[in-house]
Structure formats: C-alpha cells, structure tokens
There are 2 protein chains.
Amino acid sequence: MKKAGNCDLKTCFLCQHSIPEWIAAVSDHRQHLFFKKNETIFQEGSPVKGIFFLYDGKVKVHKQWGPDKELIVRFAQQGDILGHRGLGSGERLYTVSATAVEDTTVCYTELAFFEASLKVNPNLSLKLMQFYADELQEAERKMRNLVHMDVKSRLADALLELSRLHKALHFTISRQDLASFSGTTYETIYRNLQEFIAEKLITVEGRAITILSEKKLRKYIA
Amino acid sequence: MKKAGNCDLKTCFLCQHSIPEWIAAVSDHRQHLFFKKNETIFQEGSPVKGIFFLYDGKVKVHKQWGPDKELIVRFAQQGDILGHRGLGSGERLYTVSATAVEDTTVCYTELAFFEASLKVNPNLSLKLMQFYADELQEAERKMRNLVHMDVKSRLADALLELSRLHKALHFTISRQDLASFSGTTYETIYRNLQEFIAEKLITVEGRAITILSEKKLRKYIA
DNA sequence: GTTTTAATATGATTTAGATCATATTTTTGC
DNA sequence: GCAAAAATATGATCTAAATCATATTAAAAC
C-alpha cells in the first residue's frame, strides 16, 4: 500500500452523499491509498480504524475458516464502501478481510470523521442504510442458495454476478476464488466449469471466462 | 390478525430512538396489531406497505424455496424491527416472510411515515444502521458456517442462539423449524439431537429443549 | 370430537460433493 | 532468471447428509 494523489471529491460514496458544505471537510480528512493486486486492505479480527471508499479497482471481501478455507462474501467495486461492517454495536473488529484482486485505489477516512459525517449528512446515513439493506438481502439470498441449490446452480449464479460486476460477459477470476465465492471446493468448480464448457454456455482461457449464453446460465438458477 | 390496545410509546425501536417531540406523531400513526401463533405477518414477494416493530412475542423470518423447503434467516423478539429489508433501493417487495411462532403483538406504521421519521430523527437512522450492520455480520457468519461447518456444529450454534434469544437454557421449538434454522433436513436434525441427548449436552421433552452444558455445546462451534 | 393434516420417529438407500493423491503448469518473490 | 510457492488438471475413493419409505403420534380444523 502507498499513498497516492488525491481523489476528485466526486466519485466516492462519501462525497456523493455529503452536502456541498461538507466537501471541504472531506478534502481535509480523506487519504488516497493505492493497493497492488493481492495486497490486503484490512484483515479479519484486526481493530477497525477507518472506512474505505473504493475509487478504482476490484476487491474481494472474505472470511477465513481455519488455515486454508475461505468464503468470499462479495466483490466490491467503484463507489462501494469497505469496512462498514465495523459500524455495528459490538466490538470494533473487522469481521471480514478485504483483498485487492486488481490494482486498486481507495479513499480512506478515520472512523471518527466518518461518524461525524453521518451526523452532519442525514442523506449519507440514509444512503448507507439503503446500501446495508441491499447487502443484507443479497446475503440472505445467498444463504438460501447455499442451503437449497446444488453447486452447479450456485456456480451459474456466481458467474452471472461476476458478469454484472464487470459489466461485461467477459472477466477474469481464478478457479480458487470462484470456488470460495460459490461456497465449494476447487475440484468441484473445475468439474462444473468443464460441464458448462461442454454445454457451450461459457468459454474459458486460463483465468479468462466468457459467458456465451446468459439466458441458459440463468435457467440453472430458477 | 386483529387490532389491539395501544402501545406504551416506550418499548419499540421507533419510540426508543425518536426525539421526544416526535412521539406525538408516532402516537397518531402507529397501529397496534395482534397475531396469533402461526399467523403470517407478511409474505415474501408481496409489496412492502409498512414496517413492524415487535412489541411482544417471537417471530420467525424465513425464505421459501419451492413448495416445501424453507430457510429460517433469524428469529425476532421484543424491540426488533420487521420488514426493514424492504427499505433497500430495489423493488419494494418483501424478500422474506415473517410468521409468529408465539402469540405476538406488533406496532405497525406505514412506510411513508417511517421514512419521514428517519428524516426527522437522525438518531433513528443511526441506530437502524447499526442494527443492519449487526444483522449483516451475523448473516455473513452464518454463510460461512453453512459452507464450512458440519450439521452437528450448526445445530449446536442454532441451539445456543435460541438460548440467547429466550434468555434461558430452556426453550421450545419444533424439529422442523430447527432444521430450517440450521440449514438442513428434519431427519438429520433428529439424528443429531439424539446424539446430543446421548452425550448429555441437552434434554428433550416433546418440543421443549433444555441445554445441560452450554460449554460443551460451544466446543462444537470452534 | 372426529377427520384431516402436520409433525415425529427410525431404518434403508442413494448421491453429490468433499477429500485424497499425484502430475503439471503458472505465478511470484528474491 | 530461477527457485519456491501457488494454482491447475484429473482420476480414485470416501462419506456426510439428502432422500426415500413407512409407521406413529400430535395438532388443528371443521
């Protein structure tokens, strides 16, 4: 991680939802940080010191289980907030880790400043609440999928979500991450990817995946 | 469901976090509703019309899958909010159902009034946000458990959570609900309950469960 | 208060998917 | 640029838990 030039005060969640009078304060308190691919932004279990606003790049948000098992809870992209789970009422420890999966730029502010921002900008609280509500819904949908859908369907769901995230039918992801995101193992993902390739729903070249038929993939989910 | 006498304007989430000047408005806009055990409070897929504040009783919040599979996402109790997931940015449809598991009294306000309340009471937004943050954390923890823990551990976790909810080592729940809450089937719960009984960690009489050793149960989770 | 319906008990069978094993290829750190 | 580490490929094996089947009991509805 290293410090970088400053943001445009327009793109991030904080600036977008703050009143104009507050932007100057934001300018004083934010820090622009740069993380290389695979760098850790924050780690599960460590104390929450601030909030991150994703400016550019992609980040995986994940939970560890034992030494070698993980679950990717979501992928974050431009405009998203990171570290906001620490705002809950319990101990202020991150309950997830965040790792850059591309070179990533974030805007960072200390927790105290962000909490002040919430007080000053009612709209910010409102938007953040909405953001939470959406995430919660998605988390609950995923829980249901984990319990009731088989791996192939969950993989289809994961591929479609990645496509949405990248705003393209083409994207890059390791099979390992795809497994952690679908809630299964590498081997099972490998086999199911083979099946999707055989069915001509996708094309794979190394880590690059191209969706050939969104429609047929979607059928696996229903 | 039937209407009931009014609430004390002190207990529910809305009243607790509204400024004193707003309580009169709340008094004008809330409705006190009574639901008998097993009655549906709202149904997944139907439009969100209002927000419910749980005043007394217990409610299960669940998602359906096909005709005969469900997942219980959480249990709500006194002081909790219901229907708040509808506040997200998407379509205003409930993404979960809520069903009373005991006779239950709730305070109800229409969505528009609640949204006005959020604007007027910054502290309400803040507290709601905190509530969301906590729920999100819990949902993510559950996701990880579903992926990485076996059924017996998830059952132990569910039993401990129910104990916390009831603030007692003794509580009542159907095996069916226990299965939906642990993300598994009735038969599997039945067998694992037998094992816990044999290990003398719990005692069961009909639907009544008593935890004998919280400590040993907890060991299954780590 | 009896019929219907839902919940429970419990064994037998099946299966999806985890785990193991091993070889090969790709990345990445020094 | 090379060694070490991580990711990938792929078959073989194992197992937890789902499904099926059937009997019994309890709860809810008419």
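Reading the values: rules and limits
Residues numbered from 1 in each chain as written. Chains lettered and ligands numbered in written order. Predicted model: local features only at pLDDT ≥ 70, side-chain atom pairs only at ≥ 80, totals over all residues. Heavy atoms only, no water. Helix = DSSP H or I, 4+ residues; strand = E, 2+ residues; numbered from the N terminus. Expected span 1.5 Å × (residues − 1). Buried < 20%, exposed > 50% of the residue type's maximum accessible area, 1.4 Å probe, protein only. Contact = heavy atoms within 4.5 Å. Buried area = accessible area lost by both parts, 1.4 Å probe. Near = heavy atom within 4 Å. Polar contact = N/O pair within 3.5 Å; in protein donor to acceptor, adjacent residues only side chain to side chain. Nonpolar A, V, L, I, M, F, W, Y, C, P; charged D, E, K, R; others polar. Least-squares fit on C-alpha atoms with pLDDT ≥ 70 in both. Arc of directions from axis to C-beta. Axes fitted to C-alpha atoms, helices over the stretch in contact; angles between N-to-C directions. Parallel < 35°, antiparallel > 145°, perpendicular 65-115°, else oblique. Domains from an automatic or database assignment. Salt bridge = Lys/Arg side-chain N within 4 Å of Asp/Glu carboxyl O. Pairing = 2+ DSSP bridges.

**A look at helix α5 (residues 151-166) of chain A**
Line of reasoning, step 1. For α5 of chain A, spanning 16 residues, the distance from its first C-alpha to its last is 22 Å, which sits close to the expected 22 Å at 1.5 Å a residue.
Line of reasoning, step 2. Just beyond α5 of chain A, the residue with positive phi is Lys 167 of chain A, at close to 55°.

**So, the environment of Lys 142 of chain B**
Line of reasoning, step 1. Summarising the element assignment, Lys 142 of chain B is placed in helix α4 (residues 122-148).
Line of reasoning, step 2. The class of Lys 142 of chain B is buried, set by a relative accessible area of 10%.
Line of reasoning, step 3. The sequence separation of Lys 142 of chain B and Arg 85 of chain B amounts to 57 residues, and the corresponding C-alpha distance is 18 Å.
Line of reasoning, step 4. In this structure, Lys 142 of chain B is in contact with Met 143 of chain A together with Val 73, Glu 161 and Phe 181 of chain B, ignoring residues within four places of it in sequence.

**With respect to the interface of chain A and chain B**
Line of reasoning, step 1. Contacts between chain A and chain B engage 43 residues on the former and 43 residues on the latter.
Line of reasoning, step 2. Contact between chain A and chain B buries roughly 4000 Å² in total, counting both sides, with carbon and sulfur atoms accounting for 71%.
Line of reasoning, step 3. No other element matches helix α4 (residues 122-148) of chain A, which puts 20 residues into the side of chain A that touches chain B.

**Some thoughts on the protein's contact with DNA strand C**
Line of reasoning, step 1. As a structural note, the neighbourhood of DNA strand C is formed by 17 residues, with Thr 184 and Thr 188 of chain A together with Arg 175, Tyr 186 and Tyr 190 of chain B the closest of them.
Line of reasoning, step 2. In the environment of DNA strand C, a base nitrogen lies 3.0 Å from a nitrogen or oxygen atom belonging to the side chain of Glu 187 of chain A.
Line of reasoning, step 3. Here a phosphate oxygen of DNA strand C and a backbone polar atom of Gln 176 of chain B are 3.3 Å apart.
Line of reasoning, step 4. Counting residues per element, the ones that place at least two in the surface near DNA strand C are α7 (186-198) of chain A together with α6 (175-182) and α7 (186-198) of chain B.
Line of reasoning, step 5. Of the residues forming the surface near DNA strand C, the biggest block, four residues, is contributed by α7 of chain B.
Line of reasoning, step 6. Of the residues belonging to the surface near DNA strand C, the class tally is three nonpolar, six polar and eight charged.

**Thoughts on the relation of the copies chain A and chain B**
Line of reasoning, step 1. Take chain A, turn it by 180°, move it 0.0 Å along the axis, and it overlays chain B with an RMSD of 0.0 Å. The transformation just described matches what one would write down for a two-fold rotation axis.
Line of reasoning, step 2. The fraction of interface residues of chain A whose copies in chain B are also interface residues reaches 100%, indicating that both copies meet through the same surface.

**Remarks on the protein's contact with DNA strand D**
Line of reasoning, step 1. The local shell around DNA strand D holds 18 residues, among which Tyr 186 and Tyr 190 of chain A together with Val 151, Thr 184 and Thr 188 of chain B are the closest.
Line of reasoning, step 2. At 3.4 Å from a phosphate oxygen of DNA strand D is found a side-chain nitrogen or oxygen belonging to Tyr 186 of chain A.
Line of reasoning, step 3. In this structure, a phosphate oxygen belonging to DNA strand D sits 3.3 Å away from a side-chain N or O atom of Lys 69 of chain B.
Line of reasoning, step 4. Considering each element in turn, the surface near DNA strand D owes the most residues, four residues, to α7 of chain A.

**Observations regarding helix α2 (residues 20-29) of chain A**
All names here are of chain A.
Line of reasoning, step 1. Every buried residue of α2 is listed here: Trp 22, Ile 23, Ala 25 and Val 26. Down the axis of α2, the buried side of the element spans an arc of 165°, and every buried residue falls inside it. Of the exposed residues in α2, the ones pointing more than 90 degrees away from its buried face are Pro 20, Glu 21 and Asp 28.
Line of reasoning, step 2. For α2, the secondary structure elements touched by its buried residues are α1 (13-16) and α3 (111-120).

**Re the packing of helix α5 (residues 151-166) of chain B against α7 of chain B**
Residue and element names in this part refer to chain B.
Line of reasoning, step 1. Two elements in contact, α5 and α7, have axes whose closest approach is 10 Å; the angle formed by their N-to-C orientations is 75°. Comparing their axes, α7 and α5 come out roughly perpendicular. Contacts between α5 and α7 involve Val 151, Lys 152, Leu 155, Ala 156 and Leu 159 on the former and, on the latter, Thr 188, Ile 189, Asn 192, Leu 193, Glu 195 and Phe 196.
Line of reasoning, step 2. Residue composition of the contact of α5 with α7, by class: seven nonpolar, two polar and two charged.

**Focus on the domain arrangement of chain A**
Residues and elements named next belong to chain A.
Line of reasoning, step 1. The domain boundaries assigned to chain A delineate domain 1 (2-144) and domain 2 (149-219).
Line of reasoning, step 2. With 15 residues of domain 1 at the contact, the number on the domain 2 side is twelve residues.
Line of reasoning, step 3. Contact between domain 1 and domain 2 buries roughly 1000 Å² in total, counting both sides, with carbon and sulfur atoms accounting for 53%.
Line of reasoning, step 4. For domain 1, the biggest contributors to the area lost against domain 2 are Ile 72, Phe 75 and Gln 77; these three give 42% of the whole.
Line of reasoning, step 5. Here domain 1 and domain 2 share three salt bridges between them.
Line of reasoning, step 6. Across the pair Arg 141 and Asp 157 runs a salt bridge, and its minimum N-O distance is 3.1 Å.
Line of reasoning, step 7. Elements supplying a minimum of two residues to the side of domain 1 that touches domain 2: β6 (69-76) and α4.
Line of reasoning, step 8. With six residues, β6 is the single largest residue contributor to the side of domain 1 that touches domain 2.

**A closer look at the environment of Val 26 of chain B**
Residue and element names in this part refer to chain B.
Line of reasoning, step 1. Along the chain, Val 26 turns up in helix α2 (residues 23-29).
Line of reasoning, step 2. Under the relative-accessibility criterion, Val 26 is labelled buried at 1%.
Line of reasoning, step 3. Note: C-alpha distance between Val 26 and Leu 9 (17 residues apart in sequence) is 8.0 Å.
Line of reasoning, step 4. Apart from the residues lying within four places of it in its own chain, the contact partners of Val 26 are Leu 9, Leu 14, Cys 15, Ser 18 and Phe 113.

**Comments concerning the pairing of strand β11 (residues 202-205) of chain B**
Consecutive side chains of a regular strand alternate in pointing toward one face of the sheet and then the other.
Residues and elements named next belong to chain B.
Line of reasoning, step 1. Bridging between β11 and strand β12 (residues 208-211) involves four bridges; their strand directions are antiparallel. Residue pairing for β12: Thr 203 is matched across the bridge by Thr 210.
Line of reasoning, step 2. Hairpin remark: β11 followed by β12, antiparallel, with two residues in the connecting loop; positive phi at Gly 206, about 60°.

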